[in-house]
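# Reading the structure
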Amino acid sequence: MKRLVIDLGHGGNDSGAVGQNKTHEADVVLAIGKELNELLKNCEIEVKFTRLENKYLSLSERARIANDFKADYFLSIHINSASDKSVRGVEIWQYSNGNTKMNNFSKRVCEDISKIFNSRNRGVKYSKALSVLKNTTMPASLIEVDFISNNRS
Ligand SMILES: [Zn+2]
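Residues numbered from 1 in each chain as written. Predicted model: local features only at pLDDT ≥ 70, side-chain atom pairs only at ≥ 80, totals over all residues. Heavy atoms only, no water.

A few words now on unusual backbone geometry. One non-glycine residue, lysine 70, adopts positive backbone phi at about 55°. Summarising the element assignment, lysine 70 is placed in the loop between helix 2 (59–68) and strand 3 (73–80). Positive phi is not limited to glycine here, since asparagine 118 has a value of about 50°. Along the chain, asparagine 118 falls in the loop between helix 3 (104–116) and strand 5 (121–127). (Helix = DSSP H or I, 4+ residues; strand = E, 2+ residues; numbered from the N terminus.)

This is the structure in structure tokens:
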């Protein structure tokens, strides 16, 4: 059975981005994680969450959990924020040090989430700065599900 680690960004004294009505990114991704935990129970996949409560974890701990679990895939869930109130949509980040290490995992997750939630597909982006992507040993992606700073409507 394939193994997936789902990392819920931020937590504890790290609230992440703060949206309208003082919504905290850490709480939104925790709510998404709790729902995914229920939904994935009936799937043929072994899932481990880096947290399912409101607690702080360092970035290196998050990567270590995935590596120790020998995950086949790693997905870190975040919510975007922007000062431009008109931006919307889902984007996904993948590690690249220049030699693009494209994995279909990022592309497919981004396309699927965009379709399911009928939100704009902002595509796959590359970074060599994101610690959880750099320090995990399996195909790893960081998804920014939508913008906490902006209303959907
Ligand atoms: Zn975040």
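Turning our eyes to something else, we now look at the packing of aromatic side chains. The final tally for this structure, using the stated rule, is one aromatic pair. Sitting above the plane of the phenylalanine 69 ring, arginine 3 keeps its charged end 4.6 Å from the centroid. (Phe/Tyr/Trp six-rings, centres within 6.5 Å; stacked < 30°, edge-to-face > 60°. Lys NZ or Arg CZ within 6 Å of the ring centre and 35° of its normal.)

This part is about the nonpolar core. Counting 18 residues, the largest nonpolar core has Ile6, Leu8, Leu75, Ile77, Ile92, Val109 and Ile143 as its most contacted members. At the level of elements, strand 1 (3–8), helix 1 (25–39), strand 3, strand 4 (90–95) and helix 3 are the ones that each hand at least two residues to this core. In contact with isoleucine 77, other than residues within four places in its own chain, are Ile6, Asp7, Leu8, Gly9, Val29, Ile32, Leu36, Ile143 and Val145. Among the nonpolar cores identified, the runner-up in size contains 11 residues, and Phe69, Ala71, Tyr95 and Met138 belong to it. (Core = buried A, V, L, I, M, F, W, Y, C linked by side-chain atoms within 4.5 Å. Buried < 20%, exposed > 50% of the residue type's maximum accessible area, 1.4 Å probe, protein only. Contact = heavy atoms within 4.5 Å.)

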